[in-house]
Amino acid sequence: MRDEMEVPMEVFVYKGEWGLPSIDYECSRLLTYLKFAGASGKVIVHYNGNPFSSPNGLLPYLIADGRTKIAGYGPIVEYLTAHGIAPLGNGREGGDFSNSTLISGHIQYVVENMHPYFMYSLWGDPKNVDTTRTLYAKRIPVPFNFYCPRKYVHRTNDLTQSLAGFTLEDSLEFHDVSELADNARRCLNWIAEKLQDNRWFLGNERPSEVDALLYGYLSVLSKLTLPNNALQNHIRQCPKLVQFVDRTTATYFAKEGFNSFTANGGTGQQQQQHKQQQQNDSSNKSSPNEPSSSSSSSSKSGEGSSKGKGPSGEQPFYNGQQQDPDDGPKERRKRYILSGLVASVAMIGYAILNGILTLPSEGNYGNFIQYDDSGDYDEDDN
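Calculation notes
- Residues numbered from 1 in each chain as written.
- Predicted model: local features only at pLDDT ≥ 70, side-chain atom pairs only at ≥ 80, totals over all residues.
- Heavy atoms only, no water.
- Helix = DSSP H or I, 4+ residues; strand = E, 2+ residues; numbered from the N terminus.
- Buried < 20%, exposed > 50% of the residue type's maximum accessible area, 1.4 Å probe, protein only.
- Contact = heavy atoms within 4.5 Å.
- Areas by Shrake-Rupley, 256 points an atom, 1.4 Å probe, with all protein chains shown as cover.
- Expected span 1.5 Å × (residues − 1).
- Arc of directions from axis to C-beta.
- Pairing = 2+ DSSP bridges.
- Axes fitted to C-alpha atoms, helices over the stretch in contact; angles between N-to-C directions.
- pLDDT = per-residue confidence, 0-100.
- Salt bridge = Lys/Arg side-chain N within 4 Å of Asp/Glu carboxyl O.

What am I meant to see in the overall build of the protein chain here?
The helix and strand tally for the protein chain stands at 14 helices and 4 strands. Counting across all 382 residues of the protein chain, residues that qualify as buried make up 41%. Looking at the protein chain alone, contacts between residues at least 24 apart form 70% of all its contacts between residues at least 6 apart. Approximately 21800 Å² of the protein chain is accessible, and the part contributed by carbon and sulfur atoms is 51%.

Where do I start with helix H6 (residues 150-163) in this structure?
Given 3.6 residues per helical turn, the α-helix brings residues three or four places apart onto the same face. A rise of 1.5 Å per residue sets the reference length of H6, with its 14 residues, at 20 Å; its end C-alpha atoms lie 20 Å apart and thus fit the reference within 8%. Burial in H6 covers these residues: Tyr-152, Val-153, Thr-156, Asn-157 and Thr-160. The arc that holds the buried residues of H6, viewed along the axis, is 140°, so those residues lie on one side. As for H6, its buried residues are in contact with helix H4 (100-124) and helix H5 (129-137). Directly after H6, the chain includes Gly-165, whose backbone phi takes a positive value near 80°.

Explain the sheet that holds strand S4 (residues 69-71) to me, please; I cannot follow it from the model alone.
Either a parallel or an antiparallel arrangement is found when strands of a sheet pair, and the pairing is made through backbone hydrogen bonds. Ordered by their spatial adjacency, 4 strands build an open sheet running S2-S1-S3-S4, and the pairing between neighbours is mixed. Edge positions in the open sheet fall to strand S2 (43-46) and S4, since each of these has one partner strand only. In this sheet, adjacent strand axes meet at a mean angle of 20° when their direction is disregarded. Across 4 bridges, strand S1 (residues 9-12) lies against S2 in parallel orientation. Looking at S2, one finds that Met-9 is bridged to Val-43. The sheet strands contacting helix H3 (residues 73-82) are S1, S2, strand S3 (61-63) and S4, and the helix crosses S4 at an angle near 125°.

What exactly am I supposed to notice about the environment of Gly-49 here?
Structurally, Gly-49 can be placed in the loop between S2 and S3. In this structure Gly-49 comes out as buried when scored by relative accessible area, which is 2%. Each C-alpha atom, one on Gly-49 and one on Lys-15, is 7.9 Å from the other, the two residues being 34 residues apart in sequence. The residues contacting Gly-49, other than those within four sequence positions of it, are Phe-12, Val-13, Leu-59 and Arg-139.

Help me understand the confidence of the model for the protein chain in this model?
Per-residue pLDDT for the protein chain has a mean of 78; in total, 68% of the residues score no lower than 70. Overall, residues 262-278 carries pLDDT values under 50, and its contacts beyond four positions in sequence, including any with other chains, amount to 31 contacts. Across residues 281-328, confidence stays below pLDDT 50; counting only partners more than four residues off in sequence or on other chains, it has 50 contacts.

What should I look at first to understand the pattern of salt bridges in this one?
Opposite charge on two side chains makes pairing possible when the charged atoms of those side chains draw close. Applying the stated rule across the entire model yields 5 salt bridges. Asp-197 is paired through a salt bridge with Lys-240; the nearest N and O atoms lie 2.6 Å apart. With Asp-197 in the loop between helix H7 (178-195) and helix H8 (209-223) and Lys-240 in helix H10 (residues 239-252), the pair connects residues that are 43 residues apart, well separated along the chain. For Asp-197, a relative accessible area of 70% translates into the label exposed. By relative accessible area, which is 30% here, Lys-240 ends up partly exposed. Between Lys-223 and Asp-246 there is a salt bridge, with the nearest N and O atoms lying 3.4 Å from each other.

Listed below in structure tokens is the structure:
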């Protein structure tokens, strides 16, 4: 056991956005669990995970002893708990399992009521699925980004078929998710009521696994910009939920939170620091006897902010859209051509290996299939 624990465990997740550690709710849930458990020195987190390397084709996954891979939040947490890595708020320290039943019940209630409509909002709604797929695809290497996100669509299709009686291929008029949406809204109201003025869901001084679950759902829903995000509007009407997300992010993920690269390069946090440094330098250079200089600079700053840019002409810290310096028209065209070539080669190779497509040999090259002619056409001509 001791030799096994000497090998550091590694966790692979999707990289974040909007100041969050990950774009994926299950990855964020696991990362929050690790923070609550104080596992920073025991588990190494990789934010460039490739789902193709995962046993189930999804993130997150854990490499336990340098070679054993464990995929999915449940199996990973089960392994971590067996090795003594768990939030103290779970009530398991010293063999005390007083909160275990309560925590399991709360988790089950939240998952049953939140998860179906959450998945439909991201991967089932025709208005949103392209946005979500693009967000995930930009974090997956080519050519795996073509089919890895499809796993989430298949999972969502199974949920809607079993719980709502329709498939995602059905016409939009059959997408009746009113009951799923009502369950999710009632669950959000229940969470907000339970939180009240408490820092954590159970009212304890220490966070529990329930708080990790809530952060996984609420952080993605409150920050992800979708064409149709009814749950986001509902969360914004519940200040307790917004405060919970912001407080947890600021406390545990101040350094791990990612933001999009702006067109001028550099993360939003780096640009904020750069702007602050420029403002300090300008204030140090200006003297008290030069009010016109400071007033003119402030007026220019106002004009820049009105146009959506900072005093130095840079883009704002975050404007709700994902931007990359390597995402111009030429770069996208090159990426699409390369992706198309790789996909074509992969499909042709698959067809040849499975006998769907056969290459002509020297013996039958140029020959066509011969049909027997019984002479009926000659008789008709006569």
